[in-house]
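Residue-level structure breakdown
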Amino acid sequence: MLPKSPQLTASALSIISGSATWFAFHNVRIRADLAAVSYAMLAGAIYIGLLFGSWSNPLTMTTTLLGLYATSALLTTTLYRLSPWHKLASYPGPLLWRISALPLVYASFRGKRYLVIDELHKRYGDFVRIAPDALSIKRKSANQIIHGPATHMEKADSYLIPIPRHIVALFFKQPTHTLHTERKKIWQPAFTSKSIANFAEPLERRTWQLLETIERRQDISNDGSVELTKALTHWAYDFTCDMLFGGCVTMGLLENGDPTRIIEGGKFSMVLLDSLGQAPWLVHLAYHLPIAKAQMRFFKECGEMMAERVLKDGETTVPDIASHFLAAEGYYRPTLEEMQLDALVVIQGGSDNTSMTASLACFHLLSSQGGRQWMALQAELDGAFQDITSSDLDWDVLAQLPYLNAVISETLRLSSPYYLPRVVGDGGVAIDGHFVPEGMIVALAAYSLQTDAANFYPEPLEFRAERWLPDAEARGYKTDRSASYSFASGPHVCIGKALAYQEMRLVLARLVLTFDMEFAPGFDPTAFKEGIMNMRTTIIQRPLKMRARRRAGVVFRDI
Ligand code: HEM
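Residue indices begin from 1 for each chain and proceed along its sequence in written order. For a predicted model such as this one, the threshold for reporting local features is a pLDDT of at least 70, and the threshold for listing and counting side-chain atom pairs is 80 or more; totals across whole chains, interfaces and linings nevertheless cover every residue. Only hydrogens and water are set aside; all other atoms, that is, all heavy atoms of the structure, feed into the side-chain values.

In the nomenclature of an unreviewed UniProt entry, the protein is known as Cytochrome P450 of Mycena chlorophos. In its Cofactor (unreviewed entry) section, the UniProt record describing the protein reads: "heme". UniProt positions are given in the numbering used here, feature names are shortened, and annotations may be inferred rather than shown by experiment. For the protein, the Pathway (unreviewed entry) comment in UniProt is given as "Secondary metabolite biosynthesis."

And the structure:
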């Protein structure tokens, strides 16, 4: 029976509506910005209604009613999430993480999510509930189920960006599997070994420019050092533009630096998607705030470059990636808006991971074992290449060098702690005997598996390139190559994997053949390591300051 006083009746109705809202919407996605506007309009409507109904203190009453409504909705949600009826009720996890996605957002935003999740696995086992609807799974067998073609799991909503649904681009969440597959088919011809070979000339040229830039920036610096990550990032973005736009649109970062902070914009886009995206309603709100400005700037700049490239069709100096977008035919021919978004994906996806991996390889080579591994790599490269100025470094030779490839694999093992959430499809899935119902989010605990002593032994947390050499076992290493997930797998596998390897091999080889390097005075490797954050993009809080000394006999090529 409802209370008799109008105030109490209204309060009871607010509480009931709060719970009813949860019942009505808990399986429906609502955009948080629209929900916030509706809530504000409801507040206004109640206030006006009370005002005209001649209630005393209409403002206090409005606040009370809305407070009761929100509290009731939150309480109902919390009780459901902790109840035995929740689909993931049987999985363990910390209390707050089972109630809300905010702890996961917080861990993500701090850039140390992979370490926090690793700790949770140590405490709770291989299946941990890390958000109300999400599981982190530390089982090798889960990889095939989560990422394999048989299940073709969809990406989680953290991959959505606020664009009209008809605009499709690779990497982001597409409305259907078919759209993703068709879009990937348009990209694929640009990433065959024949197409990649066309990029050899601009890659060599940009790498020589990088070497020259390192010396130039070091010479004009106050302390005789160079920020290696910055230089490598500029190299990667410049080269990616060459590949994408065939030389007719460039960023010129190696030459001029990055005055418009375009790189920051790209990185911040990933941060928003990867951190706030774990609670997608936060992203809907963030896009209306100044926090999203850098991202919007990045979208705009990439879009403008693609539009310029379209106008300059016919002026390219190498067969570029954009020409494949423009050549696509039929129903799936991308619109200009889609090509602009795809261009953004190429620029960010093609430059960020490659340059960060190359930087971190240099860091690890010099910081572990007193630089012994840098010397070992240098010895291998010196043996393989005699004339390093007049001839290009042969890609086939680079691909066969065991130590160089081992360095890249070991860097990726420690430096690609990606979190790639996927949604379980119709009917749910069983993973190693654990049933996960449909609609739930699952993610492989990649970092935990890549640093587990059961897969990499001994010293799984240390950088030891030797563990990837062909005779690693004889040296006492156990290396499970299948427990390495840096490029993902299945339908959403990284399209640029082969290209990324060529880039990283070439740039590392050129750096190590050209320079003897050491950390700049005052550089603290421990602090640097602590300052590495991962939010799908790698952010370093402290600059990687190096001193590079050109080796005797090395002459720079004119470019
Ligand atoms: C060290 C270098 C690289 C690493 C570690 C890496 C890693 C990855 C990973 C883990 C994914 C899956 C992402 C997800 O599902 O959330 C991915 C996707 C992707 N990568 Fe890479 N990547 C690298 C270099 C490149 C390069 C050079 C390109 C060239 C443009 C590229 C283009 C892409 C694209 C377009 C996708 C989306 C594929 C799809 O949606 O089907 N990546 N990459």
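Okay, back to it.
1. Description of the overall build of the protein
A run of DSSP states H or I qualifies as a helix once it reaches four residues; a run of E qualifies as a strand once it reaches two. Both are numbered from the N-terminal end. When you go through the protein residue by residue, the secondary structure sums to 23 helices and 14 strands. Each radius of gyration is computed over the set of C-alpha atoms, and the globule rule expresses the reference value as 2.2 Å times the number of residues to the power 0.38. The C-alpha radius of gyration computed for the protein amounts to 27 Å, which stays within 12% of the reference 24 Å derived for 559 residues, consistent with globular compactness. Seen through its C-alpha atoms, the protein measures out along the principal axes to roughly 95 × 55 × 50 Å. Within the protein, the fraction of its 559 residues that count as buried is 54%. Contact criterion: two residues are considered in contact whenever any of their non-hydrogen atoms come within 4.5 Å of each other. Within the protein, counting contacts between residues at least 6 apart in sequence, those at least 24 apart form 73% of the total. Carbon and sulfur atoms form 59% of the exposed surface of the protein, whose accessible area is close to 24,800 Å². Charged side chains of the protein number 55 positive and 55 negative; the gap between the two group centres comes to 7 Å. Under the scheme applied here, a residue whose accessible area is under 20% of the maximum for its type counts as buried, over 50% as exposed, and between as partly exposed, the area being computed with a 1.4 Å probe on protein chains only. Residue exposure ignores everything except the shown protein chains as possible cover, and the areas themselves are Shrake-Rupley values with a 1.4 Å probe. Charge counting treats Lys and Arg as positive and Asp and Glu as negative, with His and both chain ends excluded. A charge is said to be at NZ when it belongs to Lys, at CZ for Arg, at CG for Asp and at CD for Glu.

2. Focus on a nonpolar patch on the surface
What makes a patch is a set of residues exposed beyond 30% relative accessible area and free of salt bridges, joined within 9 Å when like-charged and within 5 Å when nonpolar (Val, Leu, Ile, Met, Phe, Trp, Tyr). Any carboxyl oxygen of Asp or Glu within 4 Å of a side-chain nitrogen of Lys or Arg constitutes a salt bridge here. On the surface, a cluster of nonpolar side chains totalling about 540 Å² of accessible area is made up of Tyr-47, Ile-48, Leu-51, Phe-52 and Leu-59. The dominant element in the nonpolar patch, judged by the number of residues it contributes, is helix H2 (residues 32–52), at four residues. Mapping Leu-59 onto the fold places it in helix H3 (residues 58–82). Using a relative accessible area of 58% as the deciding quantity, one classes Leu-59 as exposed.

3. Observations concerning the site of the ligand
Surveying the vicinity of the ligand reveals 30 residues, the closest of which are Tyr-159, His-180, Lys-184, Arg-422 and Cys-494. Throughout this description, a polar contact denotes any pair of N or O atoms lying within 3.5 Å of each other; where both atoms belong to protein, one of them has to be capable of donating a hydrogen while the other can accept it, and for residues adjacent in sequence the pair is counted only when both atoms sit in side chains. Between an oxygen atom of the ligand and a main-chain N or O atom of Phe-171, the distance comes to 3.1 Å. Using only the protein atoms, space was sampled on a 1 Å grid; points where a 1.4 Å probe fits but cannot get out form cavities, open sets with protein on both sides within 12 Å along at least five of seven lines form pockets, and lining residues are those with an atom within 4 Å of a point. More than half of a molecule's atoms within 2 Å of the grid points is what it takes for that molecule to sit in a cavity or pocket. Here the ligand occupies the largest cavity. Counting only elements with at least two residues in the shell around the ligand, the list comes to helix H8 (177–187), helix H17 (336–367) and helix H22 (497–514). Proximity is defined per residue: if any heavy atom of the residue lies within 4 Å of a molecule or strand, that residue is considered near it.

4. Observations concerning the sheet that holds strand E14 (residues 545–550)
In sheet architecture, strand pairing relies on hydrogen bonds along the backbone and comes in two forms, parallel and antiparallel. Judged by pairing direction, the sheet is antiparallel, and its three strands sit side by side in the order E4-E14-E11 without closing on themselves. A single partner strand is all that each edge strand has here, and the edge strands are strand E4 (226–227) and strand E11 (515–519). Any two strands with at least two DSSP bridges between them are considered paired. Sheet topology places E4 next to E14; two bridges connect them, and they run antiparallel. Across the sheet, residue Glu-227 finds its bridge partner in E14, namely Lys-545.

5. Considering the environment of Asn-198
Mapped onto the secondary structure, Asn-198 falls in the loop between helix H9 (193–197) and helix H10 (200–220). Take Asn-198: its relative accessible area is 34%, and that puts it in the partly exposed class. Sequence separation between Asn-198 and Ser-72 is 126 residues; the distance between their C-alpha atoms is 62 Å. Sequence-distant contacts of Asn-198, defined by excluding residues within four places in its chain, comprise Val-318 and Pro-319.

6. Some words on the UniProt feature "transmembrane region" (unreviewed entry) in the protein
According to UniProt, the "transmembrane region" (unreviewed entry) feature falls on residues 6–25 and 37–55. Along residues 6–25 one finds 100% helix and 0% strand; the C-alpha atoms at either end are 28 Å apart.

7. Quick word on the side chain of Lys-173
For Lys-173, the position within the fold is in the loop between strand E3 (154–155) and H8. Separated by 2.9 Å, the side chains of Lys-173 and Asp-157 make a polar contact. Beyond its immediate chain neighbours, meaning those up to four positions away, Lys-173 contacts Arg-29, Glu-154, Lys-155, Ala-156, Asp-157, Tyr-159, Leu-160 and Val-423.

8. Examining the environment of Arg-165
In this fold, Arg-165 is placed in the loop between E3 and H8. Exposure remark for Arg-165: the relative accessible area of 59% places this residue in the exposed category. For the pair Arg-165 and Ala-40, spaced 125 residues apart in the sequence, the C-alpha separation amounts to 26 Å.

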